[in-house]
Amino acid sequence: MGLAIAPDLVRSLAADRQVALVSATNGKTTTTRLLVTALGGTGRVATSAAGANLPAGIAAALAAAAPDSPAVLEVDEAYLASVADAVGPAVVALLNLSRDQLDRVSEVRAIATRWRAAMSRLGSATVVANADDPLVAWAASAAEHVRWVAAGQLWRADATGCPACDGRIEFGADGGWRCPTCGLSRPEPDAVLRGATLAISDGRRLDVASLLPGRFNLANAAMAAVAAEALGVDAGRALAAMADVADVEGRYAVVAHESVRARLLLAKNPAGWAELLDLLAGESNPVVVGINARVADGHDPSWLWDVELERLQGRFVVATGERARDLAVRLRYARVDHEVEVDQVAALHRAGSPTVDYVGNYTAFQDVRRSLDRADRRSGRVDRLAGAGAGAGAGAGAGAGAGAGAGADRGAGAGAQSRIRRRRIRIWRRFGAGQVAVGSAGDGSSGSLGEAGTSGAAGTSGSAGTSGSAGTSGSAGTSGAAGADGSSPAETGSAAGRMRAGVPGGHADGTTGG
């Protein structure tokens, strides 16, 4: 209800702050985390650690931080224009654009058009943009001040048509691209990522060291470093700070369940899978692939046919999740040896190996994290082998509504309710009675758009918001129960809230390859 009562709440909370926005189809949660780390960490920077990237989650993240602290905000690509207009950012980082959740977000060229219009209104802000993505480059070129980063773009299938003239983009072997019809071409980069080295146009050569795996995470770090420098932090110092980040909201964590160790990876669209298949190449462990098709994933799983799953030939795959059988059909045509086990935790053991790679799309990934966390709690131990960070209970995040479900699963004790009340009182005192219902960070609450809070869980406490159900936090009365299956705002929020948003539903990224 916060945004319904005070539509300018995000604008008010962002006033007098230095704000950076990060948006993309893939990688925005990771890049946001890296940039926050470069600026001093979550204790000094307003942000949503769980990736709450819709307006209600952004408002809650700002409300929970000191009024004069800088902010680094992940923004859903469909909401970037409205959020940028509201907060007046100092820096906007644009990583990539590709197909994802077409039933919610719309066709990718429509997003690029909205981005371009928003960039033209930024004034003195600096845009840090991936020069290797034609859609991003066309959108960012409308801004007055752009720092171009050649961060690479492995997936090109969604950018073959020129966004400026409908001609055909030609890609060169060196990473360059141009449209022979209108002349749109790759901008001259200010920074180039070459392997694990970031070459800056002023002659600096900076090492990009990362505990996060994959080429795509080096690209995320490069984008974050250039954005940090635009905010006044030396890029070399920023990269050194980022080097210790080992996982982001459970992505890349290695967890143990009974006799099985599983590396948790997230891929939710063809572009993310293209990067992840490179990461998986050359390994022989079985792969467990979890696929759901809820609102936060996109209802149509036909995108699986655009993923080159043939590259998994020679590895045993267990298809799992609610759409395991859709995946199994695709694996059969790809000639990949596989079995089906709908239960995700059982699938980890069905693989028949002490070490597996788990790859899930958004809600499947959050489901398996919650399931493993519950199993750990029942056994009285937490077998986290490599940084699960805030704990699997924090998994769902805002926008997918799963955090509210996690809170409903575990039950919220009186202590958690007391903390929520105290936080609301602080917000009440700061903004007045008319704006208290924005919801508090980490309480699983929602705003007028129906998102399920900022993080949907309270870290290891597991008592994510009792307010994920009805009440002042905002979703219609069924939101807490709906969150239990990871449903998204389109299912949990009020119809009026969705109509105001102009975009049905939403999610808390994850990118991505991110």
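As a reminder, the structure under discussion sits directly above these lines.
Attention here is on the structure that accompanies the text. (Residues numbered from 1 in each chain as written. Predicted model: local features only at pLDDT ≥ 70, side-chain atom pairs only at ≥ 80, totals over all residues. Heavy atoms only, no water.)

1. Let's talk about the overall build of the chain
Link 1 in the chain: The helix and strand inventory of the chain stands at 19 helices and 17 strands.
Link 2 in the chain: Burial statistics for the chain: of 514 residues in total, 61% are counted as buried.
Link 3 in the chain: Carbon together with sulfur atoms contributes 50% to the accessible area of the chain, which is approximately 18,000 Å² in total. (Helix = DSSP H or I, 4+ residues; strand = E, 2+ residues; numbered from the N terminus. Buried < 20%, exposed > 50% of the residue type's maximum accessible area, 1.4 Å probe, protein only. Areas by Shrake-Rupley, 256 points an atom, 1.4 Å probe, with all protein chains shown as cover.)

2. Brief notes about the environment of Asn285
Link 1 in the chain: Structurally, the position occupied by Asn285 is in the loop between α11 (270-280) and β13 (287-290).
Link 2 in the chain: With 66 residues separating them along the chain, Asn285 and Ala351 place their C-alpha atoms 9.0 Å apart.
Link 3 in the chain: Excluding residues that lie within four positions of it along the chain, Asn285 makes contacts with Arg315, Thr355 and Val356. (Contact = heavy atoms within 4.5 Å.)

3. Digging into the packing of helix α3 (residues 28-38) against helix α10 (residues 235-242)
Link 1 in the chain: For the pair α3 and α10, interaxial distance at closest approach is 8 Å and the crossing angle is 115°. Looking at the two axes, α3 sits roughly perpendicular to α10. Two packed elements cross with a definite hand, and for α3 against α10 that hand is right-handed. On α10, the residues that touch Leu34, Thr37 and Ala38 of α3 are Ala238, Ala241 and Met242.
Link 2 in the chain: For the contact of α3 with α10, the class distribution of residues is five nonpolar, one polar and no charged. (Axes fitted to C-alpha atoms, helices over the stretch in contact; angles between N-to-C directions. Parallel < 35°, antiparallel > 145°, perpendicular 65-115°, else oblique. Left-handed = near helix turned anticlockwise from the far one by under 90°. Nonpolar A, V, L, I, M, F, W, Y, C, P; charged D, E, K, R; others polar.)

4. Remarks on the sheet that holds strand β9 (residues 197-200)
Link 1 in the chain: Read across the sheet, eight strands follow the order β2-β1-β3-β4-β5-β8-β9-β10 without closing on themselves; strand pairing throughout is mixed. Edge strands, defined here as strands with exactly one partner in the open sheet, are β2 (71-74) and β10 (205-207). Between one strand axis and the next, the sheet turns by 20° as a mean value, whatever way the strands run.
Link 2 in the chain: Pairing between strand β5 (residues 145-150) and strand β8 (residues 191-194): two bridges, direction parallel. Residue pairing for β8: Val149 is matched across the bridge by Ala191. (Pairing = 2+ DSSP bridges.)

5. Quick look at the pattern of salt bridges
Link 1 in the chain: On inspection of all chains with the given rule, the structure shows 24 salt bridges.
Link 2 in the chain: Residue Arg11 is joined to Asp8 by a salt bridge in which the shortest nitrogen-to-oxygen separation is 4.0 Å.
Link 3 in the chain: Its relative accessible area of 47% is what places Asp8 among the partly exposed residues.
Link 4 in the chain: A salt bridge links Glu275 to Arg215; the nearest nitrogen and oxygen atoms lie 2.7 Å apart. A residue pair is termed long-range when its members are at least 10 positions apart, and Glu275 in helix α11 and Arg215 in helix α9 (residues 215-230) qualify at 60 residues. (Salt bridge = Lys/Arg side-chain N within 4 Å of Asp/Glu carboxyl O.)

6. Regarding the nonpolar core
Link 1 in the chain: Core analysis: the biggest nonpolar cluster contains 66 residues, and Leu35, Leu198, Met242 and Trp273 have the highest contact counts within it.
Link 2 in the chain: Of all the elements, α9 adds the most residues to this core, at eleven residues.
Link 3 in the chain: Sequence-distant contacts of Leu198, that is, excluding residues within four places in its chain, are made with Ala191, Val192, Leu193, Arg204, Arg205, Leu206, Val208, Ala222, Ala225, Val226 and Leu239.
Link 4 in the chain: In this structure, Tyr79, Met119, Trp138 and Ala143 belong to the second largest nonpolar core, which totals 56 residues. (Core = buried A, V, L, I, M, F, W, Y, C linked by side-chain atoms within 4.5 Å.)

7. Description of the pairing of β9
Regular strands have side chains that alternate between both faces of the sheet.
Link 1 in the chain: Of the pairings in the sheet, the one linking β8 to β9 comprises four bridges and is antiparallel in character. Across the sheet, residue Arg194 finds its bridge partner in β9, namely Thr197.
Link 2 in the chain: Here β9 runs beside β10; their pairing, made up of three bridges, is antiparallel. Directly across from Leu198, in β10, lies its bridge partner Leu206.
Link 3 in the chain: From the end of β9 to the start of β10, which pair antiparallel, there are four residues, and Gly203 there has a positive phi angle of about 105°.

Interpretation in functional terms is not warranted from these geometric data alone.
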